[in-house]
Amino acid sequence: ELKVEQNPLFLSMQEGKNYTIYCNYSTTSDRLYWYRQDPGKSLESLFVLLSNGAVKQEGRLMASLDTKARLSTLHITAAVHDLSATYFCAYYGQNFVFGPGTRLSVLP
Amino acid sequence: GAGVSQSPSNKVTEKGKDVELRCDPISGHTALYWYRQSLGQGLEFLIYFQGNSAPDKSGLPSDRFSAERTGGSVSTLTIQRTQQEDSAVYLCASRGRSGGPPDTQYFGPGTRLTVL
C-alpha cells in the first residue's frame, strides 16, 4: 500500500524556536512536494523536490529530500506566528499521495 | 494569470439528491485532479485526467461518484444520491507546464459540500 506518514501530526511551538517536520513515504520516488494550507483555505505549493539530496529554502522554511531513506524534512527556523498552518507532504508515484498533514501553531 | 476556479464555493443539499461540482483548470494544463478533504483530515485522491487518456478512477469511493472532463478543460464531479458521509471539501487541482516549478499542482479554492 502506498503510504505517506508525517511526524508530528500536531505541533505547538513558541515564536523564535526551531523545529523539523518529518515526512516518510513507502515507495521509491524522486519527487516530493510540500504544501501549506491555512484554515478554510486551499493548498498552496511550497516546495518541489526532484532529486536525492535536493534542498530548497524559502524564508524561514527549508525542505530536503533523501530518496534512499524515503524521507523528507521541513525545517522551520525562528518560527513566527504567520507560519501557523497545516503542512502537507506528498510524493508522486502514479499519482500524488498526500500525508495526513502537520498542524502547526506558533504561539507568541 | 487566472488560477484554478471551482463552483459553487458552498453547496448544501439534502440526503438522496444529486450534486454537480465544477472545476475550471488553468488554461493549457493537461492534468486535472479531484480530491476530497474531510474536516481536519488529509487529502483523499478521487480521480485524475491526463489529456485524452482514459481517466484514473481508482480513488472514487463508490459508483455514486463520477466525473468527466469536456474538451480537455472544464471538469464536473457528480455525486448521485448523496449521503451524509459525502460531506467534505472537494478540491480540484491542475498541473501542466505553463510556468512555475515543474509538476506543481495548482489547487482551486474548493467546494464545501454539506449533506443534511
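Going along each chain's sequence as written, the residues are numbered from 1 onward. Working convention: letters from A go to chains and numbers from 1 go to ligands, in the order in which they are written. pLDDT decides what is reported in this predicted model: residues at 70 or higher carry local features, side-chain atom pairs at 80 or more are listed and counted, and totals for whole chains, interfaces and linings draw on all residues regardless. Remark: hydrogens and water are excluded; side-chain values derive from all non-hydrogen atoms of the structure.

**Details of the state of the cysteines**
As a reminder of what qualifies: The disulfide criterion used throughout: a pair of cysteine sulfur atoms within 2.5 Å. The helix and strand labels rest on DSSP assignments: H or I over at least four residues marks a helix, E over at least two residues marks a strand, and numbering proceeds from the N terminus. The rule is simple: take the accessible area with a 1.4 Å probe, protein chains only, and divide by the maximum for that residue type; under 20% is buried, over 50% is exposed, in between is partly exposed.
In the structure shown here, the tally under the stated rule is two disulfides over all chains. Each sulfur in the disulfide pair Cys-23 of chain A and Cys-89 of chain A lies 2.0 Å from the other. Across the S-S bond linking Cys-23 of chain A and Cys-89 of chain A, the dihedral sits near 85°, which makes this disulfide right-handed. Placement of Cys-23 of chain A in strand β3 (residues 19–25) and of Cys-89 of chain A in strand β9 (residues 85–92) is noted, with a sequence separation of 66 residues between them. Judged by relative accessible area, Cys-23 of chain A falls into the buried class, the value being 0%. With a sulfur-sulfur separation of 1.8 Å, Cys-23 of chain B is cross-linked through a disulfide to Cys-92 of chain B. Here the disulfide of Cys-23 of chain B and Cys-92 of chain B is left-handed, its torsion about the S-S bond being about -60°. Here the residue Cys-23 of chain B occupies a position in strand β3 (residues 19–24), and Cys-92 of chain B occupies one in strand β8 (residues 88–95), the gap between them amounting to 69 residues. Of the two residues examined, Cys-23 of chain B and Cys-92 of chain B, each falls in the buried class.

**Concerning unusual backbone geometry**
Residues Asn-7 of chain A and Pro-8 of chain A are joined by a peptide bond in cis, for which omega reads 0°. Along the chain, Pro-8 of chain A falls in the loop between β1 (4–7) and β2 (10–14). Backbone torsion omega between Ser-7 of chain B and Pro-8 of chain B reads -10°, so that peptide bond is classified as cis. Note that Pro-8 of chain B resides in the loop between β1 (5–7) and β2 (10–13). In the Ramachandran plot, Ala-78 of chain A falls in the positive-phi region, its phi being about 50° despite a non-glycine side chain. Mapping Ala-78 of chain A onto the fold places it in the loop between β8 (71–76) and β9. Given the relative accessible area of 23%, Ala-78 of chain A is considered partly exposed.

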